[in-house]
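# Coordinates in review
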Amino acid sequence: MTAGTNQYPIPPTMKAWVLGNPDELSLAEKPVPEPGPAEVLVRIDAIAVCATDIEILKHGLPALIEGELPFNKGFTPGHEYMGTVVKLGPSVDEFALGDRIAVEVHAGCGRCSRCREGMYTSCLNYGYRSKGHRANGFSTDGGFAEYAVNNVNTMVHIPDDMPDAEATLIVTAGTAMYGLDVMGGIIAGEGVAVIGPGPIGLMGVAVAKALGAQPVILTGTRDGRLAMGTRLGADAVVNLNREDPVAAVARITGGKGVQYVLECSGAPNALNEAARMVNRGGRICLAAFPGDPVPVDLAYIVRNNIYVFGIRGEGKSATHRAAALMAQKRFDATIIHTHTFPLTEVPTAIRYASERIEDAIKVVVQIRTSV
């Protein structure tokens, strides 16, 4: 902050990555956006690459701008970022200049029935800025840039001792939290199986354990990632190359099965396997999706009164609860942070995440290294 003033020095333009054709990113100069009512200007200090960013670059969806795909519209992707509040919009008093914050994606429109009930990640006006929908990196400019405007509802304070890279992982933990505590209704003492040790799956292990789940079982194919799951709190890990996952869950639970499965792999047979891991009346949360339609044994699901639901993002303020667990050091999210790149190397960072180079899990772009 400039000495003797209450204002951070803000340049008229900023560096930002802009999406052209599919998989075509270019570094450009864009005007620094101006915060409106209930908004602040965030100086972005770091941002993590998400698998959804990769989908947007390739296919456009789930990003939409006025109902159309985001290509060649001057759109800046990226949504898992943290930073510093450097300018306040009119009437904003929930945050102060200099506050360190992490963000969630969705503000929603605030006017549809879904937003009114707190399910703003399922906004019925999704993608239509003209109807008030805001989701940074999806329908409005995101965080592969030096600055972004955020609604106050999409931000959470973070402690000064939380490293930038860790703060970028709050969104990932928030997605796991949304599936486990809001949509799933998990309570302490219930068994949880997590399928797929990607970023959301690994955070799912950490959040489930922090919420008191017992046992927490992680399944996957990579021993290194399964080891990370153990460090994050998994009571047991299962390598699918060595043991059938359904049989393993039965063995670990003494034949009882678990109450809850968080499916994060998108594997073609994952839902059928999940159905046989849960006990009657159990719940399955789908946080990933296969590339193609898959056959499902619906009769088994119906006969056993199994609940199946999908989640989108980190609704109902789950990010705030995840941030609280991380601030209380209930788990160490930095375990899944594997690589760091500067803003000028965003395409390389995305390639590392997309191709899992050097077994990359969570790749962080560090935009600013000093205050």
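Each value, and the rule that gives it
Residues numbered from 1 in each chain as written. Predicted model: local features only at pLDDT ≥ 70, side-chain atom pairs only at ≥ 80, totals over all residues. Heavy atoms only, no water. Helix = DSSP H or I, 4+ residues; strand = E, 2+ residues; numbered from the N terminus. Rg over C-alpha atoms; globule rule 2.2 N^0.38 Å. Buried < 20%, exposed > 50% of the residue type's maximum accessible area, 1.4 Å probe, protein only. Contact = heavy atoms within 4.5 Å. Areas by Shrake-Rupley, 256 points an atom, 1.4 Å probe, with all protein chains shown as cover. Salt bridge = Lys/Arg side-chain N within 4 Å of Asp/Glu carboxyl O. Core = buried A, V, L, I, M, F, W, Y, C linked by side-chain atoms within 4.5 Å. pLDDT = per-residue confidence, 0-100. Axes fitted to C-alpha atoms, helices over the stretch in contact; angles between N-to-C directions. Parallel < 35°, antiparallel > 145°, perpendicular 65-115°, else oblique. Left-handed = near helix turned anticlockwise from the far one by under 90°. Nonpolar A, V, L, I, M, F, W, Y, C, P; charged D, E, K, R; others polar. Pairing = 2+ DSSP bridges.

### Quick look at the overall build of the protein chain
Helices and strands together make up the secondary structure of the protein chain, namely 11 helices and 17 strands. By the compact-globule yardstick of 21 Å for 371 residues, the protein chain fits well, its C-alpha radius of gyration being 20 Å. Going through the 371 residues of the protein chain one by one, you find that 54% of them count as buried. In the protein chain, the proportion of contacts linking residues at least 24 apart, taken out of those at least 6 apart, comes to 68%. When the accessible surface of the protein chain is totalled, it reaches about 15,300 Å², and 51% of it is carbon and sulfur.

### Looking at the pattern of salt bridges
Counted by the stated rule, this structure contains 16 salt bridges. Its salt-bridge partner being Asp235, residue Lys209 comes within 2.8 Å of it at the nearest N-O pair. Taken together, the positions of Lys209 in helix α5 (residues 199-210) and Asp235 in the loop between α6 (223-231) and β12 (236-239) put the pair 26 residues apart, joining distant regions of the chain. Between Arg276 and Asp297 there is a salt bridge whose closest N-O contact spans 3.0 Å. Remark: Asp297 occurs in the loop between β14 (278-286) and α9 (298-303) and Arg276 occurs in helix α8 (residues 270-277); sequence separation between them is 21 residues.

### A closer look at the nonpolar core
Counting 51 residues, the largest nonpolar core has Met203, Leu232 and Phe331 as the members making the most contacts within it. The residues contacting Leu232, other than those within four sequence positions of it, are Leu202, Met203, Val205, Ala206, Lys209, Asp332, Ile335 and Ile336.

### Things to note about unusual backbone geometry
Following Leu61, the chain continues into Pro62 via a peptide bond in cis, with omega recorded as 10 degrees. With respect to the helices, strands and loops of the structure, Pro62 is situated in the loop between α1 (51-59) and β4 (80-88). A cis geometry characterises the amide bond from Gln214 onward to Pro215, with omega recorded as -5 degrees. Mapped onto the elements, Pro215 comes out in the loop between α5 and β11 (216-220). The phi dihedral of Ala38 falls on the positive side, at around 65 degrees, and the residue is not glycine. Secondary-structure assignment places Ala38 in the loop between β2 (25-31) and β3 (39-48).

### Some details on the environment of Val103
On the secondary structure map, Val103 appears in strand β5 (residues 100-103). As a C-alpha pair, Val103 and Val171 span 68 residues in sequence and 7.1 Å in three-dimensional space. Here Val103 is in contact with His79, Tyr81, Asn150, Thr154, Met155, Val171 and Thr319, once residues within four sequence places are set aside.

### Focus on the confidence of the model for the protein chain
Of all residues in the protein chain, 98% have pLDDT values of 70 or greater, and the mean over the chain is 94. Considering only residues more than four positions removed or in separate chains, one finds that residues 1-5, a stretch of pLDDT under 50, has six contacts.

### Overview of the packing of helix α4 (residues 170-183) against α5
α5 packs onto α4 with a crossing angle of 60 degrees between their chain directions and a minimal axis gap of 8 Å. Relative to α5, the element α4 is oriented oblique. In this structure, the crossing between α4 and α5 has a hand that is right-handed. Across the interface between the two elements, Thr172, Ala173, Thr175, Ala176, Met177 and Leu180 of α4 pack against Pro199, Ile200, Met203, Gly204, Val207 and Ala208 of α5. Across the contact of α4 with α5, the residue classes break down as nine nonpolar, three polar and no charged.

### A short note on the sheet that holds β11
Pairing in this open sheet of six strands is parallel, and the strands run β12-β11-β10-β13-β14-β15 from one edge to the other. Of all strands in the sheet, those with a lone pairing partner are β12 and β15 (307-310), marking the two edges. Looking at each pair of strands side by side, their axes are set apart by 15 degrees on average, direction ignored. Of the strand pairs in this sheet, strand β13 (residues 258-263) and β14 are connected by five bridges, and their pairing is parallel.

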